[in-house]
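Residue strings, one per chain:
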Amino acid sequence: MYENFKRASPCIELKPPIRLKLAMSEIKVLPEELQNRIAAGEVIERPASVVKELIENSIDAGATGVGVDILNGGRRLIRISDNGRGMEREDALICFYPHATSKISTEEDLFDIRTLGFRGEALSSIASVSRLKILTAPSGLTLGVSLEIHGGELREVREVAHSGTTVEVKDLFFNTPARKKFLKSQRTEVYHIVETVTVAGLSHPDVAFSLTIDRAETLRLPVAGGIRERVLQIYGEEFLGGLMEVNEHNLSALISGEENFRSSRANQYIFVNRRPIRDASLRHAVYSAYDTLLPRDRHPIFFIYLDIAPSEVDFNVHPAKREVRFSDKEAVYRSVYNVVRKALSGSAEEDADYGVETDDAPDGLQPATRNPQPVTSVSQPATPEVPFVTEPLLKYGSDFKYIYLGDVFVAYTDGRGITLLDHHAAHERILYERLRQGVGLEVTQLLFPKQVRLPAREYNVLIHRLDELKEMGIEAEDFGHNTLMVRAVPGFLFDADMAGIMSDIAFCLIESTAGSPVEDLRDRIAKRIACHSSVRGAVMLSHDEIARLLDDLSAAEDPEHCPHGRPTRIQMSLEDLKRMFKRTG
Ligand code: ADP
Ligand code: MG
C-alpha cells in the first residue's frame, strides 16, 4: 500500500563521542539473523498505531501512569508521558535505530516474550515519518536528555530536567504524502485513538491512564484493583451489572449474562498475557458456549483474559502482534468454551427457542457460531418447497384464534389455511421501516429523562451526530462526562437498553466510510435499532397486540421478510396442505 515509502535507515547519524559510549547501553541493535526471524511489516498506519506503540513502550518500562494528549486527531500532536524507568542518554540515542531493542537479544528469547514490544521497530518507524521529540531521564534522576528527530534525522540533543519519559510526535506523515492521504476524518482517527487507550486500560487495570483530546479530558482511569473495577471506570455501573464474572486458574472473564446481548460485536475482547488479540477460533468458542441462549443477530459482550506460559504462545506472527499462535490451540479453545459454559450454567434456560445464527454479522467479521459438539439443531432453514404466498389470504378479525408454538412462533388460521408467524421477525420489519422512513414513530417524551453513560469512544462519536438521532426519534443532548441525556425515544424503545442502542449506533457511524450514501447508513442504523425492539426474550404478546402486529405487518413495504432477509411468516393454504398430504386429485 505504501510502495512510495522508504524508511531512512539507519535513521540517525551519530557523532563520534556518542558512539564511544554505546557499549554501555542496554539497548542493542538485533543481529541480522534475528531481525529476519521477526514478523516484518509496517506497524504505523495511523495516529492510533503511534499511540498503541508508545503506550506499550511505557508499560514495558514499568510505568504505573500514562498520559496521552492529542491535538487535531493526532496529526498535529500525539504526546505520551509516563513515569516509567526512562532511559540513559546512550539508550535514548540508540533506541531510534531500526531493530534496536532492550527486550530480546537471542533467538531463544523469541520463545519467552514477557514484554509487549520486542521488534525494536516502533520508535524508528515513528521517528522516520514525523517530527519527534523525546525527553527521558533514568529513574531516580531528574536530569535527562531531550532529542529531536525530524523525518529520521537527528536535529538536537540537549540536557533537560525531566522525570520518566515523554514522547511528542508532531506532523505525522509530513514526509510521506501517500500515507497521509490514507488518514480518515479527524473524528474517525480520534475514535481509533480513544479505542486504543480504552483497550490499553482494559489490558492493564494496574496502570492509570488519562487521555485529553484537543485539551478536553476524554478518559481518566485511576489505578484499578482488577478488571471489574476497570470495566466499571470505563463503562459505568449499569453495563457492569449485566455481566457475569468467572475466574479459573489461568483465565478470568467478564461476559454477558442471559438477555444482555447486543446487535453488534462491540465490546468483545480477548487478551492473552495482557495483550489484546484477534482470534476467530476463540471467539467461536465463546459463541458456541452461548449456544441456544443467544438469539439470532445478537452478540454477547465479553472480556476474556488468558494467562499462558510464554513458551506456549507465539506472538511473533503479526507485525502489530494482533494475532498469536498457541502450541495447544485446542486446549485453549476448550478452556474458553468451558469457562463460558460454566458461567452460564444455572442461568441457562433449557428450552430456549432461538436459533443460533449470527453468520451474517453486519460488521463483516468471520462467522463464529457453530456448535463444537453435535447438539440438537433448532435453526432449520425454511424449506424451499413450502410455498410463499405474497398476498395474505387469511383475514383476521377481532375474534381470530391463534396459538403460540414455543415463545416466538404464532400459528393462526381462518379455516382456509394456516399461517406461521415469527413475532420477532415481524416486529423487527415494522420498526425497521418506520425508523428508516422516520415516520409513524410515535416519539414519547420521557417524564424522567434518562442519563446514559457511555464509553468515551462511543460518546465522542455520538455527540456530533445528535441531529441524525433525532430524525430517528431519539432526542438526546450532550450532558458532559461521557453522558448523554435522553429526553425522548420512539415508544417501542421505552424499556429498551439505551446504552446498548447508543453503542450500536455509534458502531454504525464509525463503520460508515466517508463516501457511503446517507441512506445506507440510515438503513444500517435502522436495522440495528430494530433489533432492540421491546419484544425481547420470552415475552408473549396478547391477543390485541398480535392483531395489531398483523395489521402493521400487512401495511409494511415488505411484510414477508425481516430486515435481515428471513421470512416473517409462512403461509399454507388448504391446497398446499392437501398437496403436502398427497391428497391432490
Ligand atoms: P521495542 O519496544 O520492540 O523494544 P521500540 O522501538 O518501541 O522497540 O523501543 C526501542 C527501545 O527503546 C525499547 O526496547 C526500550 O528499551 C526503549 N524505550 C522505548 N520507549 C521507552 C519508554 N517510554 N521508557 C523507557 N524506555 C523506552
Ligand atoms: Mg515498542
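Preceding this paragraph is the structure being described.
Residues numbered from 1 in each chain as written. Chains lettered and ligands numbered in written order. Predicted model: local features only at pLDDT ≥ 70, side-chain atom pairs only at ≥ 80, totals over all residues. Heavy atoms only, no water.

A. Unusual backbone geometry, seen in detail. The backbone of Asp 171 sits at a positive phi, close to 50 degrees, despite the residue not being glycine. Structurally, Asp 171 can be placed in the loop between β8 (164-170) and α6 (177-181). For Asp 171, a relative accessible area of 29% gives the class partly exposed. (Helix = DSSP H or I, 4+ residues; strand = E, 2+ residues; numbered from the N terminus. Buried < 20%, exposed > 50% of the residue type's maximum accessible area, 1.4 Å probe, protein only.)

B. Geometry of the packing of helix α10 (residues 280-290) against helix α11 (residues 329-344). Relative orientation of the contacting elements α10 and α11 amounts to 30 degrees, with a least axis distance of 8 Å. By the criterion of interaxial angle, the relationship of α10 to α11 is roughly parallel. The two elements α10 and α11 cross, and the hand of that crossing is right-handed. Residue-level contacts link Ser 281, Leu 282, His 284, Ala 285, Val 286, Ser 288, Ala 289 and Tyr 290 of α10 to Lys 329, Val 332, Tyr 333, Val 336, Tyr 337, Val 340, Arg 341 and Leu 344 of α11. Each residue belonging to the contact of α10 with α11 can be placed in one class, and the counts come to 11 nonpolar, 3 polar and 2 charged. (Axes fitted to C-alpha atoms, helices over the stretch in contact; angles between N-to-C directions. Parallel < 35°, antiparallel > 145°, perpendicular 65-115°, else oblique. Left-handed = near helix turned anticlockwise from the far one by under 90°. Contact = heavy atoms within 4.5 Å. Nonpolar A, V, L, I, M, F, W, Y, C, P; charged D, E, K, R; others polar.)

C. Fine view of the pairing of strand β12 (residues 251-256). Here β12 lies mainly inside the structure; 5 of its 6 residues are buried. In this structure, strand β11 (residues 243-248) lies alongside β12, joined through 6 bridges in antiparallel fashion. In the sheet register, Asn 247 faces β12, and the bridge partner there is Ser 252. What sits between β11 and β12 in their antiparallel hairpin is a turn of 2 residues. Pairing of β12 with strand β15 (residues 302-306) involves 5 bridges; the strand directions are antiparallel. Paired with Leu 251 across the strands is Leu 306, a residue of β15. (Pairing = 2+ DSSP bridges.)

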